[in-house]
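The lines below spell out each chain.
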Amino acid sequence: MGLYRTAAVAGLAAFGCAVAADASEIRGTVRLEGAPPAPAMLTAEPSPNHSVEGCGAFPKPSQRLLVDAHGGIQNAVAWVEMPLDPHGLVTEETKILDQRECVFEPHVLLLPAGGTLALRNSDPMLHNVRIFRERTMLMHEWQQPKAADLTWRFDEPGRYLVRCGVHAWMHAWVVVAGHRYYALTDQAGTFTIPDLPAGDYTLHVWHETLGEQQPVRVQGERVAVIVQFTGGTATP
């Protein structure tokens, strides 16, 4: 494996520059500038129509903005601009989005266009599953405890919001990719986009709370990139 050259990309002003490197693989770290915020905490109060029995202990950490001690941002999505490549996608793929202790797991999920989401209810209570693309509701289904999985096929690339209509704090994101060159950051904020054909690429990074950074150009065979967000706020 060849050497990696690192391009530090801090804030919006640094994007749009050319990054010289040698890369058929992009390795990156997505970081938040400044002191890492503590996770926001979710709270819930029972009501006659909304039981929290079986939801586990409250308060519990929100998944919206998770930052490690070194500023690494979890659950950011990185991808390169690429034409839709149906031959490169595993369109039969199915991924599970579980409801466990009134939290969707995982919080952010990548799925290829043509793939299927299986929505599971591992909780002992009723959930109301809703899928949105922007303001359009695509799915609205009740799901009994331990019932069969609900399924939804995603044919259009984009970002989709999944919510529970009973428990207002419950939400997750499904990011549907039109090609294989997408990645999700881990707990340390790192990602890898491997097996890229030789060429120059435009790299994008999106996070549900921090938004989408302006793109950065990467050139060569191997490149390492540090993408830095500013102004993050932890909210439930």
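These numbers come from a predicted model, not from an experiment. (Residues numbered from 1 in each chain as written. Predicted model: local features only at pLDDT ≥ 70, side-chain atom pairs only at ≥ 80, totals over all residues. Heavy atoms only, no water.)

Trainee: Teacher, can you tell me more about the overall build of the protein chain here?
Mentor: Of the regular secondary structure elements, the protein chain holds 0 helices and 21 strands. With 236 residues in all, the protein chain has 47% of them scored as buried. Excluding contacts between residues fewer than 6 apart, the proportion of contacts in the protein chain whose partners are at least 24 apart in sequence is 66%. As displayed, the protein chain has an accessible area near 11600 Å², and 51% of this comes from carbon and sulfur atoms. (Helix = DSSP H or I, 4+ residues; strand = E, 2+ residues; numbered from the N terminus. Buried < 20%, exposed > 50% of the residue type's maximum accessible area, 1.4 Å probe, protein only. Contact = heavy atoms within 4.5 Å. Areas by Shrake-Rupley, 256 points an atom, 1.4 Å probe, with all protein chains shown as cover.)

Trainee: How do you make sense of the sheet that holds strand β7 (residues 94–100) when you look at a structure like this?
Mentor: Backbone hydrogen bonds are what pair the strands of a sheet, in a parallel or an antiparallel way. Strand order in the open sheet formed by 4 strands is β8-β7-β10-β13, with mixed pairing between adjacent strands. In the strand order of this sheet, the two ends are held by β8 (103–105) and β13 (150–154), each with one partner. For this sheet, the mean inter-axis angle between neighbouring strands, taken without regard to orientation, is 25°. (Pairing = 2+ DSSP bridges. Axes fitted to C-alpha atoms, helices over the stretch in contact; angles between N-to-C directions.)

Trainee: Explain the pairing of strand β20 (residues 216–219) here, please?
Mentor: Successive side chains on a regular strand alternate, one facing one side of the sheet and the next facing the other. The alternating pattern of β20 places V216 and V218 on a buried face, while none of R217 and Q219, on the opposite face, is buried. With 3 bridges connecting them, strand β18 (residues 201–207) and β20 associate as antiparallel partners. Counterpart to L203 in the pairing with β20 is V216.

Trainee: Mind showing me how you'd approach the nonpolar core here?
Mentor: The nonpolar side chains of a soluble globular protein tend to be buried with one another. The biggest cluster of nonpolar side chains holds 27 residues, and the ones touching the most others in it are L117, L119, F154, V162, W169 and V174. Going through the elements one at a time, β9 (108–112), β10 (115–121), β11 (127–133), β13, β14 (158–164) and β15 (171–177) are the ones with two or more residues in this core. Residues in contact with W169, not counting those within four places in the same chain, are L42, T43, A44, V52, C55, F58 and C102. L65, Y181, I193 and L210 belong to the second-largest nonpolar core, a separate cluster that totals 24 residues. (Core = buried A, V, L, I, M, F, W, Y, C linked by side-chain atoms within 4.5 Å.)

Trainee: I tried to follow the sheet that holds β11 on my own but got confused; where do I start?
Mentor: Across the sheet, which stays open at both edges, the 5 strands sit in the order β9-β15-β14-β11-β12 with mixed pairing between neighbours. The open sheet has two edge strands with one neighbour each: β9 and β12 (136–143). In this sheet, adjacent strand axes meet at a mean angle of 20° when their direction is disregarded. Looking at chain direction, β9 and β15 are connected through 5 bridges and run parallel. For L110, the partnering residue across the bridge sits in β15 and is V175.

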